[in-house]
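# Close look at the chain arrangement
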Amino acid sequence: MFRVTRRNFARVIAAAFALAPASGLQSQAPVVSAPISAIHYDVTADSAAVGRRQLGVTMTFRATSTRPVVLALPAWSPGHYTLLWFARRVSDFRAEANGSPLEWHMIDYQTWEVIPRAKGEIRVSFSYRADTIDRAVAWTKPDFSFFNGTNLFMYPAGRSLEWGATVTVHTEPSWRVATGMSPAAQPNTFTAKRYHDLVDMPFFVGRFGMDSTDVQNHWIRLAMYPEKEMTPARRQRFLGWVDRFVPAEMAVFRDVEFRNYTIFFVADTVVNAGGLEHQNSQLDEIPLARLEETPPSLFSHEFFHSWNVKRLRPADMVPYRYSDAQPTKWLWVSEGITDYYGNVALVRGGVTDSIGFYKAIAGEIAATDGAGAVSLSDASLSVWVDPTNSMAGIYYPKGGLAGFLLDVMIRDASNNRNSLDTVMRTLYNSTYKRGKGFTSTDWWSEVSRASGGKSFDEFRRRYVDGREPMPVDTVLALAGLRVVRDTVSEPLQRGGRAGPHTRISVTEAAGAPAKAVRIRSAIMHGDGAAH
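So, a few notes on the structure that sits alongside this text. (Residues numbered from 1 in each chain as written. Predicted model: local features only at pLDDT ≥ 70, side-chain atom pairs only at ≥ 80, totals over all residues. Heavy atoms only, no water.)

### What about the packing of helix α7 (residues 331–348) against helix α8 (residues 354–371)?
The interhelical angle for the contact between α7 and α8, taken along N-to-C directions, is 165°, at an axis separation of 9 Å. As far as their axial angle goes, α8 and α7 are roughly antiparallel. Relative to α8, α7 is oriented so that their crossing is right-handed. Here Asp339, Tyr340, Asn343, Val344 and Val347 of α7 come into contact with α8, specifically with Ser354, Phe357, Ala360, Ile361 and Glu364. Of the residues belonging to the contact of α7 with α8, the class tally is six nonpolar, two polar and two charged. (Axes fitted to C-alpha atoms, helices over the stretch in contact; angles between N-to-C directions. Helix = DSSP H or I, 4+ residues; strand = E, 2+ residues; numbered from the N terminus. Parallel < 35°, antiparallel > 145°, perpendicular 65-115°, else oblique. Left-handed = near helix turned anticlockwise from the far one by under 90°. Contact = heavy atoms within 4.5 Å. Nonpolar A, V, L, I, M, F, W, Y, C, P; charged D, E, K, R; others polar.)

### Some words on the pattern of salt bridges
Throughout the structure, instances matching the rule amount to 28 salt bridges. We note a salt bridge from Arg94 to Asp92, for which the minimum N-O separation is 3.1 Å. Relative accessible area serves as the criterion here: at 45%, Asp92 is assigned to the partly exposed category. With its nearest N and O atoms 3.4 Å apart, the salt bridge here joins Arg194 to Glu162. A residue pair is termed long-range when its members are at least 10 positions apart, and Arg194 in the loop between β16 (189–192) and α4 (195–198) and Glu162 in the loop between β12 (155–156) and β13 (165–170) qualify at 32 residues. Using a relative accessible area of 31% as the deciding quantity, one classes Arg194 as partly exposed. Here the residues in one salt-bridge network are Glu229, Arg234, Arg237 and Glu292, joined through shared partners. (Salt bridge = Lys/Arg side-chain N within 4 Å of Asp/Glu carboxyl O. Buried < 20%, exposed > 50% of the residue type's maximum accessible area, 1.4 Å probe, protein only.)

### Topic: the sheet that holds strand β6 (residues 103–108)
An order of β6-β7-β3-β12 is seen for the four strands of this open sheet, with the pairing classed as antiparallel. Each of the sheet's edge strands pairs with one partner strand only, and the pair in question is β6 and β12. Inspection of the sheet shows strand β3 (residues 69–72) paired to strand β7 (residues 111–115) by four bridges, in the antiparallel sense. Across the sheet, the residue bridging to Leu71 is Trp112, located in β7. (Pairing = 2+ DSSP bridges.)

### Comments concerning the layout of surface pockets
Estimates place the volume of the second largest pocket at around 860 Å³. Those elements that provide at least two residues to the lining of the second largest pocket are β15 (182–183), β16 and α4. The class makeup of the residues in the lining of the second largest pocket is 12 nonpolar, 10 polar and 12 charged. (1 Å grid on protein atoms, 1.4 Å probe; cavity = no way out; pocket = protein on both sides within 12 Å on 5 of 7 lines; lining within 4 Å. Points joined across faces, edges and corners; volume = space filled by probe spheres on them.)

### Observations concerning the nonpolar core
One broad trend across soluble globular proteins is that nonpolar side chains are buried collectively. By size, the foremost hydrophobic cluster in this structure holds 155 residues, and its most contacted members are Trp332, Phe404 and Trp443. With 13 residues, the next largest nonpolar core counts Trp139, Phe208, Phe264 and Val266 among its residues. (Core = buried A, V, L, I, M, F, W, Y, C linked by side-chain atoms within 4.5 Å.)

### What to know about the pairing of strand β4 (residues 90–97)
Of the strand pairs in this sheet, β4 and strand β8 (residues 120–129) are connected by five bridges, and their pairing is antiparallel. When the sheet's bridge partners are listed, Val90 is paired in β8 with Tyr128.

This is the structure we're talking about:
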């Protein structure tokens, strides 16, 4: 997820319930639903529904017995590490079979128990309040709606999520529907093989602009709301970025599992700038007043997540658990190193030049210095409570900086034969492709192997788990770069007071050794360059 500022009620209840089990009652064993099958969802997002800021949801399934069916809604959306409790937006819950109401009651704040009278089809329906714009929360306008599967699609609690389902969207005949799900034979109907896929492929429904570009035989689509904001100039600029940075990111992993990819883009007066990743899409938001300032790194960061975190991710988050927080010490890799590669892909693809890349690194150094003594591991864990101290979000820039330093150190130790690209690609194949997440041993062993056996125990102890200042000057010198820190006195941006402060820049070091120059060149051109 691209950096965001979260202002919502969820962070209040997040602290209160962060350690509660799915049942909400610590003294009870986890609730397990009776098995169900033939699962189908209907979502109504027509002009009448969105005019009320509501989405209508019906879940139809087959009960295999008269045992209680326990249904739950997720508490969060993967990539958005905040407990949002989507059940709080549900109203008018109903359950019926053969047109007759069924007995039901709530077990806790996000779980419903339905009592079948017999085997057969059951329909559960409810209204979902979609009036809050956020990348992880459903939102509506008079001619548009957006929703994630985590918002609307209930699942049988306590059971495997390895089941398929279909979704049908009911909307106006002239409105578009876009999603990463596979289309079925019926109109506006889509399929997913697993619940994890079902809730990781968001929808746009309504009047929005759409275009696409073919990148190495993969269609990358741009869906933009409001439709009128998708001007020819913006279309050309945004898709032009995609044409250039996407091949650079594909080259890191050399494996692309999605057939097509969608950039969902919302511009409105009330949004925060940021993005949220999905396995074959991203949802980005930019305030209308800043639309022309949209940074290409927003797209490139989220696109790199298609591999890093959506597929290659820490063992702590495999599989996703939707009922509660799922903390990990590794967001500095999942988010911070994604930040690094978002910038690397832009320079490798020619979207920006070396000066732009150095400016991005300088920004990460400045942010890291400004945060003070903060552990990357601690900052990764703390995201779930939305900390108010310097740990808030620091795993992005400091994690990106750690990724850059590791890249340089691996290249230096291996005489530029290996890189952080090597580590990411190898772990992708050895963990994700084998159905598991990576552990601390997996990560540091692969970093060491790529470096010819060099130990990184001290780096981990001092700079990742520890709080010592990053060895920026020493490591950048290995890539023929140097950090310049100037004390300047000038008005600060956004109304800050004038006064002395440190301005950081990264420049190429004059007279750098040939090996360092080759490392610098290879970082900005990709594996195989300037060995």
